Amino acid sequence: MEGLLILWSETGLANFELGQLVMIAVGCALLFLAIGRGFEPLLLLPIGFGAILANIPNAGFTDPGGILYYVYYVGIESGVFPLLIFMGVGAMTDFGALIANPRTLLLGAAAQFGIFATLFGAILLNLVPGMEFTLRDAASIAIIGGADGPTAIFLASRLSPDLLGAIAVAAYSYMALVPIIQPPIMKLLTNEAERKLEMQQLRHVTKVEKIIFPLAVLMMAILFLPSATPLVGMFCLGNLMRECGVVDRLSNTAQNELINIVTIFLGLAVGSKLQADTFLQFETLGILVLGAVAFSIGTAAGVMMAKVLNRFSKDTINPLIGAAGVSAVPMAARVVNKVGLDANPHNFLLMHAMGPNVAGVLGSAVAAGVLLALVG
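Quantities reported herein were computed from a predicted structural model and do not represent experimental measurements. (Residues numbered from 1 in each chain as written. Predicted model: local features only at pLDDT ≥ 70, side-chain atom pairs only at ≥ 80, totals over all residues. Heavy atoms only, no water.)

1. Digging into the overall build of the protein chain
Filter applied, for reference: Every helix listed is a DSSP run of H or I at least four residues long, and every strand listed is a run of E at least two residues long, numbered separately from the N terminus. Accessible area is worked out with a 1.4 Å probe on protein chains only. A residue is then buried under 20% of its type maximum, exposed over 50%, and partly exposed in between. Contacts: residue pairs with any heavy atoms within 4.5 Å of one another. The method behind every accessible area is Shrake-Rupley, applied with a 1.4 Å probe, and residues are considered shielded solely by the protein chains displayed. Charged residues are defined narrowly, with Lys and Arg counted positive, Asp and Glu counted negative, and His plus the chain ends left uncounted. The atom standing in for a charge is NZ when the residue is Lys, CZ when it is Arg, CG when it is Asp and CD when it is Glu.
Check the secondary structure of the protein chain and you find 21 helices and zero strands. Taking the principal axes of its C-alpha atoms as reference, the protein chain extends roughly 85 × 50 × 40 Å. Within the span of the protein chain, comprising 376 residues, buried residues form 53% of the whole. For the protein chain, contacts bridging at least 24 residues in sequence account for 77% of all contacts bridging at least 6. For the protein chain, the computed accessible surface area is about 16,800 Å², with 68% contributed by carbon and sulfur atoms. Positive and negative charge centroids in the protein chain, built from 18 and 22 side chains respectively, lie 16 Å apart.

So, in structure tokens, the structure goes:
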């Protein structure tokens, strides 16, 4: 009888707490979004599964010595996983559209306004009873507005590790919801005539220009914002491997095997932070709300900047492409192209939108560097 009692005390049924059951349900919901709805499946699937593992009683996945503990410590706390992801993204990125139309860099920069507006919003949330965010917490939450998951994870791991799970889930959830969140904002801020505007074909960009560009970006980061060079540097390394043409094996590995392996462990590491005692807090609701606000403000700011540029430019700019400045490569550019085609069947904006889209990746990395320099 005593043996049966000991066996019973070691079962999950005897040890589950309500919070753990809730978080396992959250993990299952993330799996449903990934598998059933196709929302950011490459990240939401391992994050959801990691959340389930992290909330199993007596399993020890997140205890010192457990696999998720080591995955988080080695990959997230050290900052290695987000940096490797950035290298892979750089290897998959074509800067041709941005180089051909440098003005779109301003659209990517304008879209980062959502980050800094939300920084103050997070500080103001301290006025709400039950909310308590430090300046470091506010900076970590604000970066959600960049719609760049690796950047959000990198900054949160540096400034607010306890909020990492909620911030990562919010960042990737809103990235997945780009086709739902952005079109209403884009249509609200533009009229039908603006959405129908057709843009001139982009000029051809030479190989030399594409090789020089990542080196120039890295040099600018080194000179003016060294705190951003971990992200910007790895991004530029990946892009240089892509464009130089002499290390195709390295470029292909960064684009495929390496980024896929890192994505698996990155998702599991983030999921390990979705434990009931840290995630089921009132502050989590504030993070989710502020993340949506940041993303919406970034979209609106990009569109409005495009409208401003259109007034002072002799070459037509369709304001819709400003919405792609929030990063979320390449989904935001595809959404811009779809909205443009809905207004004008001959209006192909995908390549034009890729300019602010990749500029947004650089912009979010720079914004993270600024926040690290200010509050890190």
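2. Brief notes about the pattern of salt bridges
For clarity, the threshold we go by: Only one rule defines a salt bridge in this text: a Lys or Arg side-chain nitrogen within 4 Å of an Asp or Glu carboxyl oxygen.
Scanning all chains against the criterion turns up six salt bridges. Here Glu243 and Arg242 are joined by a salt bridge, their closest N and O atoms 3.1 Å apart. The shortest N-O distance in the salt bridge between Asp342 and Lys338 comes to 3.4 Å. Of this pair, Asp342 and Lys338 both sit in helix H20 (residues 331-343), four residues apart, which is roughly one turn of that helix. Pair check on accessibility: Asp342 and Lys338 agree, each one exposed.

3. A closer look at the packing of aromatic side chains
Stated formally: Pairing of aromatic rings covers Phe, Tyr and the six-membered ring of Trp, with a centre-to-centre limit of 6.5 Å; geometry is then stacked below 30 degrees between planes, edge-to-face above 60, and tilted otherwise.
This structure, assessed with the given rule, holds five aromatic pairs. An aromatic cluster of three or more residues is present, and its members are Phe86, Phe95, Phe213 and Phe235.

4. Quick word on the packing of helix H12 (residues 164-176) against helix H19 (residues 282-311)
Let me state the cut-off plainly: Angles shown run from 0 to 180 degrees and are taken between the N-to-C directions of axes, each axis being a line fitted to C-alpha atoms and, for helices, limited to the stretch in contact. Note: crossing handedness is left-handed where the near helix turns anticlockwise from the far helix by less than a right angle, and right-handed where it turns clockwise. In this count, Pro and Cys sit with the nonpolar residues alongside Ala, Val, Leu, Ile, Met, Phe, Trp and Tyr, while Asp, Glu, Lys and Arg are called charged and the others, Gly among them, polar.
Remark: H12 packs on H19, axes separated minimally by 9 Å, with the N-to-C direction vectors making an angle of 35°. In terms of crossing hand, the pair formed by H12 and H19 is right-handed. Counting all contacts with H12, which are made through Ala166, Ile167, Ala170 and Tyr174, the residues of H19 involved are Thr284, Ile287, Leu288, Val289, Gly291, Ala292 and Phe295. In the contact of H12 with H19, the residues fall into nine nonpolar, two polar and no charged.

5. A closer look at a nonpolar patch on the surface
Our working definition: Surface patches are drawn from residues lacking salt bridges whose relative accessible area is over 30%; two like charges belong together within 9 Å, two nonpolar side chains (Val, Leu, Ile, Met, Phe, Trp, Tyr) within 5 Å.
A surface patch of nonpolar side chains, amounting to about 430 Å² of accessible area, comprises Phe16, Leu18, Leu21, Val22 and Leu280. Structurally, Val22 is set in helix H3 (residues 18-35).

6. Let's talk about the nonpolar core
Filter applied, for reference: Throughout this description, the term nonpolar core refers to a set of buried Ala, Val, Leu, Ile, Met, Phe, Trp, Tyr and Cys residues connected via side-chain atoms within 4.5 Å.
Leu266 and Val336 are the most contacted members of the largest nonpolar core, which has 106 residues in total. Counting residues per element, this core draws most heavily on helix H21 (residues 350-375), at 12 residues. Excluding residues that lie within four positions of it along the chain, Val336 makes contacts with Met186, Leu320, Ile321, Ala323, Ala324, Leu349 and Ala353.

7. What about helix H4 (residues 41-54)?
Heads up, the condition is: Expected span, for any helix, means 1.5 Å times one less than how many residues it has.
Taking 1.5 Å per residue, 14 residues should reach 20 Å; H4 reaches 19 Å between its end C-alpha atoms and fits that length. Buried residues dominate H4, accounting for 10 of its 14 residues.

8. What to know about the environment of Ile261
Of note, Ile261 is situated in helix H17 (residues 248-271). A sequence separation of 176 residues divides Ile261 from Ile85, and the C-alpha atoms of the two residues are 9.8 Å apart.

9. Description of unusual backbone geometry
Phi angles above zero are rare outside glycine, and Glu40 is one such case at about 40°. Topologically, Glu40 is positioned in the loop between H3 and H4.

10. Focus: the side chain of Asp148
Positionally, Asp148 belongs in the loop between helix H10 (135-142) and helix H11 (149-159). As a buried residue without a salt bridge, Asp148 has its nearest oppositely charged side chain in Arg158, at a separation of 15 Å. Once you skip the residues sitting within four places of it in the chain, Asp148 turns out to touch Phe86, Met175, Ser327, Val361 and Ser364.

11. Digging into the side chain of Thr190
Stated precisely, the cut-off is as follows: For the purposes of these results, a polar contact is taken to be a pair of N or O atoms within 3.5 Å, where, inside protein, one atom must be able to donate a hydrogen and its partner to accept one; residues adjacent in sequence count only when each atom of the pair is a side-chain atom.
Among the structural elements, Thr190 can be located in the loop between helix H13 (178-189) and helix H14 (192-195). Of the polar contacts made by the side chain of Thr190, one reaches the backbone oxygen of Met186; its length is 2.7 Å. Each residue touching Thr190, except ones within four places of it in the same chain, is listed here: Arg195, Val303, Lys307, Pro319 and Leu320.

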